[in-house]
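Okay, here's what each chain looks like letter by letter:
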Amino acid sequence: MSHDPISILIVDDDTSSLLSLERWLRTLDLCIVSAQSGSEALGLLAERDFAVVLLDVYMPKMDGLEVASLMRQSKSTRQIPIIFITGTNLDSYKTIEGYQAGAVDYLTKPLNPHVMCSKVKVFIELHRQKRQLQWEIQKREEAEARLRQAKEAAEAASRSKSQFLANMSHEIRTPLNVIIGLSEALAVPQSQQILNDDFRDKLQKIQTSGKNLARLINNVLDLSKIEANRMELVEEVCDLRNFVKDFYSTQEFYAEQKEVVFTYRISPQVPQEVVLDLGKLLQILTNLVGNAIKFTPPYQQVLLKIFMENKRSLGIRVIDEGIGIPAIRQEEIFEPFEQGDPSTSRQYGGTGLGLAITRRMVELMQGTIHLNSEVGTGSDFTVLLPVRHAPDKSVSTHPSLSKKNQFASDNLVVVVEDNPLNRDVMQAYMNNFGIPVQFASDGKLGVDLVITLLSQQQAPDLVLIDWQMPEMDGLQAIRQIRQHPLGTNLPIVLVSAEAFPEQKAIALNSGANDYLTKPISGKGLERIFLQYLKPTTL
């Protein structure tokens with residue numbers, strides 16, 4: 001706050017009156033400024049701030065009423081209190097005129113110094129409080145400005161982080177798509193018939209390592225989305241019993257590699273179909289069961305139990321006979337990058353992200369997670385998730401992932417992909433599914449190919465378009481295809497390595513029917529094909 005002395009202005013054309021006023025007011029420890037005419041007073045008022053003005057009414061050329069009127073017309077001086085000084089008693093009309101001009105009080109000569117100083121003190125105190133308030137307002141505005149700057153900097157950092165994660169996601173998922181896709185394509189039964197046992201074993205190790213790497217990338221991206229409050233629930237109808245069965249089959253292979261006995265049980269009370277976020281349920285199960293298998297020694301057991309709690313909550317229990325978690329660490333392991341024992345990261349691997357993400361996803365789904373563990377005996381994780389029963393006539397949007405599907409041979413899929421290795425992956429998948437495919441190596445060629453097929457009455461049954469391509473990206477390609485009269489209802493799926501909800505929303509708003517995230521799996525493609533391609537007719 002400013003410590004400059006408070007100033008008052010006294011205006012009187014009589015020199016002796018000015019001197020008397022100055023002498024009496026010195027006792028108030030003020031900066032006293034005097035003027036002997038109205039024009040001089042207005043000049044001083046334009047230059048500095050005053051707490052109060054003592055203004056003689058009768059002065060030559062410009063009297064006090066005119067000065068007060070001009071003060072009230074100026075934004076900088078209209079709020080300054082004015083005490084009129086007069087040597088005669090004013091008639092009522094003149095008094096009203098003075099108050100209308102802006103006077104707050106009148107003093108009549110001969111002045112009583114004590115009365116005058118008392119009245120001036122009131123306005124000095126008001127001015128001091130006003131100055132204090134202005135100082136506090138200024139400090140608050142400065143603090144708010146700093147907060148705005150900090151918020152803007154944080155938002156900019158968040159945007160940079162999100163862009164970095166999106167770029168990293170794309171750069172990592174693109175080669176990972178090739179690793180997982182080609183190894184998965186080679187691992188189909190018809191291919192394995194020509195592979196020797198040693199090669200098949202190495203191929204399975206490539207698959208497992210690629211999937212573990214994909215899981216790690218997903219965990220890092222999911223943690224970032226959760227911390228940025230960008231994770232959303234996507235509830236849908238799912239065939240819960242078949243889903244758990246399929247999940248078990250994917251984890252059984254991992255358990256067999258570790259020589260761990262993995263079993264599951266589903267309570268009879270669990271309904272066939274429920275409404276929940278299937279993707280988050282899959283990640284919760286994957287993290288809990290994956291950890292249980294990882295930290296359980298060979299020949300010991302891991303049990304997954306699915307049950308209903310009070311008919312309103314889905315219960316998940318993962319019980320293992322593993323190494324257990326010390327009591328003092330059981331809360332910390334739910335924090336990012338923490339593990340039950342630092343040495344476990346060296347012996348068993350892992351980043352310590354799985355349980356942190358699991359708890360946040362459970363909380364996002366309005367559920368609870370509880371741990372009961374003892375060192376050397378094992379751990380028991382219990383998750384309760386609120387679920388809704390699916391309508392009686394609902395149809396599961398997720399068929400069994402283990403179901404083998406055949407598609408009509410007259411289907412045609414167009415794949416627009418600039419990366420030649422990713423084109424090889426898609427060709428391998430199409431060969432396995434027995435689906436004819438035509439490729440385009442960039443967005444412009446893809447648009448030309450699709451429009452040519454449409455013009456020849458050979459509309460493809462499905463178009464898969466990569467997002468990030470030179471010359472013309474996937475979004476631009478989709479918009480151009482949609483502009484063609486025959487392309488408005490063409491099934492188009494945008495393929496991207498960016499796994500954020502915002503990207504999916506942008507894709508759907510740009511005209512895509514669906515969104516597929518790299519690394520692409522056979523099961524992911526199967527879901528798309530089941531939705532858009534013609535099945536084999538028997």
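Criteria and thresholds
- Sequence order as written defines residue numbering, which begins from 1 separately in each chain.
- In keeping with the model being predicted, local features are shown solely for residues with a pLDDT of at least 70 and side-chain atom pairs are shown and tallied solely at 80 or more, while totals for entire chains, interfaces and linings include all residues.
- Calculated side-chain values reflect all of the structure's heavy atoms, with hydrogen atoms and water omitted.
- Secondary structure elements are taken from DSSP: a helix is a run of H or I of four residues or more, a strand is a run of E of two residues or more, and numbering for both begins at the N terminus.
- For every residue, the accessible area (1.4 Å probe, protein chains only) is compared with the maximum for its type, and the residue is labelled buried under 20%, exposed over 50%, or partly exposed between those bounds.
- Contacts between residues were defined by any pair of non-hydrogen atoms, one from each residue, lying within 4.5 Å.
- We get accessible surface area from the Shrake-Rupley algorithm with a probe of 1.4 Å; when it comes to residues, only the shown protein chains can shield them.
- Think of a nonpolar core as a cluster: buried Ala, Val, Leu, Ile, Met, Phe, Trp, Tyr and Cys residues, connected wherever their side-chain atoms sit within 4.5 Å.
- Strands are labelled as partners when DSSP assigns at least two bridges between them.
- Seen with its strands pointing away from the viewer, a crossover is right-handed when the path leading from the first strand over the helix to the second is clockwise.
- Basic side-chain nitrogens of Lys or Arg form a salt bridge, by our definition, when they fall within 4 Å of a carboxyl oxygen of Asp or Glu.
- For every residue, the pLDDT score states the predictor's confidence, bounded by 0 at the bottom and 100 at the top.
- Aromatic rings from Phe, Tyr and Trp, taking only the six-membered ring of Trp, are treated as a pair when their centres fall within 6.5 Å; an angle between ring planes under 30 degrees marks them as stacked, one over 60 as edge-to-face, and anything in between as tilted.

Q: So what about the overall build of the protein? Which residues, and what values?
A: In terms of helices and strands, the protein carries 16 helices and 18 strands. Expressed as a percentage of the 538 residues in the protein, the buried residues total 47%. Long-range pairs, those at least 24 residues apart, make up 69% of the contacts in the protein between residues at least 6 apart in sequence. A total of about 27,900 Å² of accessible surface is found on the protein, and carbon and sulfur atoms cover 53% of it.

Q: Please give an account of the nonpolar core that cites residues and values.
A: Formed by 41 residues in total, the largest nonpolar core has its most connected members in Leu 281, Leu 304, Ile 316 and Phe 381. Those elements giving two or more residues to this core turn out to be helix H8 (240-258), strand S8 (273-276), helix H9 (278-294), strand S9 (301-309), strand S10 (313-320), helix H11 (354-364), strand S11 (368-374) and strand S12 (378-386). In terms of residues, this core owes the most to one element, H9, which gives 8 residues. In this structure, Leu 304 is in contact with Val 244, Phe 247, Phe 262, Thr 263, Tyr 264, Arg 265, Leu 285, Val 289, Ile 316, Arg 317 and Val 318, ignoring residues within four places of it in sequence. If you look at the next biggest cluster of nonpolar residues, it comprises 24 residues, including Leu 453, Met 472, Leu 475 and Leu 490.

Q: Residue-level account of the pairing of strand S17 (residues 492-496), with values.
A: In terms of burial, S17 is largely enclosed, as 5 of its 5 residues are buried. A two-sided burial pattern is seen for S17, the buried positions comprising Ile 492, Leu 494 and Ser 496 on one face and Val 493 and Val 495 on the other. Bridge count between strand S16 (residues 462-466) and S17: 4 bridges; the pairing is parallel. Across the sheet, Asp 466 pairs through a bridge with Val 495, a residue of S17. With respect to chirality, the unit in which S16 leads through helix H14 (residues 474-483) into the neighbouring parallel S17 is right-handed. Examined bridge by bridge, S17 and strand S18 (residues 514-517) share 4 bridges and lie parallel to one another. Bridge assignment links Leu 494 to a residue of S18, and that residue is Tyr 515.

Q: Give a description of the pattern of salt bridges that names residues and reports values.
A: Tallying each qualifying case throughout the model produces 10 salt bridges. Across the pair Lys 444 and Asp 448 runs a salt bridge, and its minimum N-O distance is 3.5 Å. Here Asp 448 and Lys 444 lie together in helix H13 (residues 443-455), a separation of 4 residues that amounts to about one turn.

Q: Before we move on, could you go through the confidence of the model for the protein and cite the residues and values that matter?
A: Residues of the protein with pLDDT of at least 70 account for 81%, and the chain-wide mean is 81. Within the model, the stretch residues 342-351 combines pLDDT values under 50 with 16 contacts to residues more than four positions away or in other chains. Long-range and interchain partners of residues 393-404, a stretch whose pLDDT sits below 50, account for 25 contacts in this model, where long-range means more than four residues apart.

Q: Please provide a residue-by-residue account of the packing of aromatic side chains, values included.
A: Describing an aromatic ring pair means giving the distance of the ring centres and the angle of the ring planes. Inspection of the entire model under this criterion finds 7 aromatic pairs. With a centroid separation of 5.0 Å and an interplanar angle of 40°, the aromatic rings of Tyr 248 and Phe 262 are classed as tilted. Residue Tyr 248 is found in helix H8, and its partner Phe 262 is found in strand S7 (residues 261-266); the two are separated by 14 residues along the sequence. Judged on exposure class, the residue Tyr 248 and its partner Phe 262 are both buried. Ring geometry for Phe 407 and Phe 433: centres 5.9 Å apart, planes at 70°, overall edge-to-face. Note that Phe 407 is positioned in the loop between strand S13 (388-389) and strand S14 (413-416) and Phe 433 in helix H12 (residues 420-433), a separation of 26 residues in sequence. Considered together, Phe 407 and Phe 433 belong to a single accessibility category, that of buried residues. The structure contains a cluster of three or more aromatic residues connected by ring pairs, namely Tyr 248, Phe 262 and Tyr 264.

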